[in-house]
Amino acid sequence: MSVENPHSFWPTPPEAVLPLLPHLKPETWFVEPCAGDGALVRALCAHGHKLHWAADIEPRQDFILPMDALSPEVQRHIRNTDFDAIITNPPFSRHNFETLKAMIRLFSAAKPSWLLLPAAFKYNDYAPEFMAYCHKVVAVGRIQWIAGSDGKGRKDFAWYLFDQNVKFEGTKFYPKLPPPSVTAAPCHLPQGEGEMASA
């Protein structure tokens, strides 16, 4: 992590979303609590999924609520509003490990939670707590985080599904496959200031 990127702001490229799509039901209603500039939201909505609300500690779009994902207000809305899943690209740098662990615990206690993480997450010393309710790991591979750059990052990534509310029967691993044959559609998001539904 660099001084210039204190909150690990790495917009999610659309290509990183493609491996996740076969694992989502059509028109999944989702929440994105670490939305950044809305790149992940736009990619999901372009494939027919529905944004319930999005938030970020430093939002870069008007439709994203200016709130910390671990704030009491966000936690209350995650617990008390009706949607299908949390889908997010959270801060994952070493500097943010404690924040990441708190997010996994809180999100997955409320809803099925898909997090885009380094593929090696499962090998960390603290991983056993979380792998005890990690139901799927879907390989993404290396990601070109900066559009127009010469190459991809040096780390492999994967989508991890955490859920504390269903019986754990082991983690299913899905290898990297050719991208699914899907067509993205125009994504229409709110232009004004975002808001949450009442709890």
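Model, not experiment: these values are computed from the prediction.

Some words on the packing of aromatic side chains
Item 1. Scanning the entire structure with this criterion turns up 10 aromatic pairs.
Item 2. Summarising the aromatic geometry, the rings of Phe 92 and Phe 157 are spaced 5.2 Å apart at their centres and angled 65 degrees between planes, so their arrangement reads as edge-to-face. Of this pair, Phe 92 sits in the loop between β4 (85-88) and α4 (97-110) while Phe 157 is found in strand β7 (residues 156-162), placing the two residues 65 residues apart along the sequence.
Item 3. Ring centres of Phe 130 and Tyr 133 lie 6.3 Å apart, and the angle between their planes is 80 degrees; this geometry places the pair in the edge-to-face category.
Item 4. Taken together, the ring pairs connect Phe 97, Phe 121, Tyr 126, Phe 130, Tyr 133, Tyr 160 and Phe 162 into an aromatic cluster.
Item 5. Above the face of the Tyr 126 ring, Lys 101 is positioned so that its terminal group lies 4.9 Å from the ring centre.

A closer look at the pattern of salt bridges
Close approach of charged atoms allows side chains with opposite charge to pair.
Item 1. Under the definition given, this model contains 6 salt bridges.
Item 2. A salt bridge links Arg 60 to Glu 58; the shortest N-O distance between them is 3.8 Å.
Item 3. The exposure class of Glu 58 is partly exposed, given its relative accessible area of 34%.
Item 4. Of the charged contacts in the structure, one is a salt bridge between Arg 105 and Glu 129, with a shortest N-O distance of 2.7 Å. Note that Arg 105 is positioned in helix α4 and Glu 129 in helix α5 (residues 127-131), a separation of 24 residues in sequence.

Considering the confidence of the model for the protein
Item 1. When the pLDDT values of the protein are averaged, the result is 87; 82% of them are 70 or greater.
Item 2. β4 holds the highest mean pLDDT among the elements of the protein, 98, whereas helix α3 (residues 72-80) holds the lowest, 90.
Item 3. Across residues 1-6, confidence stays below pLDDT 50; counting only partners more than four residues off in sequence or on other chains, it has 7 contacts.

With respect to the sheet that holds strand β6 (residues 134-142)
Item 1. Read across the open sheet, the 8 strands follow the order β3-β2-β1-β4-β5-β7-β6-β8; overall the sheet is mixed. A strand with exactly one partner marks an edge of an open sheet, and here the two such strands are β3 (65-66) and β8 (172-174).
Item 2. Relative to β3, strand β2 (residues 50-56) runs parallel, the two sharing 2 bridges. Bridge pairing in β3 places Ala 55 opposite Leu 65.
Item 3. Against the sheet, α4 touches β4, β5 (113-118) and β7, its axis set at about 160 degrees to β5.

Side note on the nonpolar core
Item 1. Counting 45 residues, the largest nonpolar core has Ile 87, Phe 121, Trp 159, Tyr 160 and Phe 162 as its most contacted members.
Item 2. At 6 residues, the largest contribution of residues to this core is made by β7.
Item 3. Those residues in contact with Ile 87 that sit more than four places away from it in its chain are Leu 20, Leu 24, Phe 30, Val 31, Glu 32, Pro 33, Leu 40, Leu 44, Trp 114 and Trp 159.
Item 4. Membership of the second largest hydrophobic core comes to 13 residues, among which are Ala 55, Met 67, Ala 69 and Ile 78.

Here we look at the side chain of Thr 28
Item 1. Looking at where Thr 28 falls in the secondary structure, it is placed in the loop between α1 (14-17) and β1 (29-32).
Item 2. In terms of polar contacts, Thr 28 uses its side chain to reach the backbone carbonyl oxygen of Lys 25, at 2.6 Å.

Points about the environment of Glu 169
Item 1. Residue position: Glu 169 is located in the loop between β7 and β8.
Item 2. Measuring from C-alpha to C-alpha, the distance between Glu 169 and Tyr 133 comes to 8.9 Å, with 36 residues separating the pair along the chain.

Brief notes about the pairing of β1
Item 1. The pairing of β1 with β2 spans 4 bridges and is classified as parallel. Counted as the bridge partner of Glu 32 is Ala 54 from β2.
Item 2. Regarding topology, helix α2 (residues 39-45) serves as the crossover connection from β1 to the parallel β2, and that connection is right-handed.
Item 3. Direction of pairing for β1 relative to β4: parallel, over a ladder of 2 bridges. Of the residues in β4, the one forming a bridge with Phe 30 is Ala 85.

About the cut-offs
Residues numbered from 1 in each chain as written. Predicted model: local features only at pLDDT ≥ 70, side-chain atom pairs only at ≥ 80, totals over all residues. Heavy atoms only, no water. Phe/Tyr/Trp six-rings, centres within 6.5 Å; stacked < 30°, edge-to-face > 60°. Helix = DSSP H or I, 4+ residues; strand = E, 2+ residues; numbered from the N terminus. Lys NZ or Arg CZ within 6 Å of the ring centre and 35° of its normal. Salt bridge = Lys/Arg side-chain N within 4 Å of Asp/Glu carboxyl O. Buried < 20%, exposed > 50% of the residue type's maximum accessible area, 1.4 Å probe, protein only. pLDDT = per-residue confidence, 0-100. Contact = heavy atoms within 4.5 Å. Pairing = 2+ DSSP bridges. Axes fitted to C-alpha atoms, helices over the stretch in contact; angles between N-to-C directions. Core = buried A, V, L, I, M, F, W, Y, C linked by side-chain atoms within 4.5 Å. Polar contact = N/O pair within 3.5 Å; in protein donor to acceptor, adjacent residues only side chain to side chain. Right-handed = clockwise from strand over helix to strand, strands pointing away.

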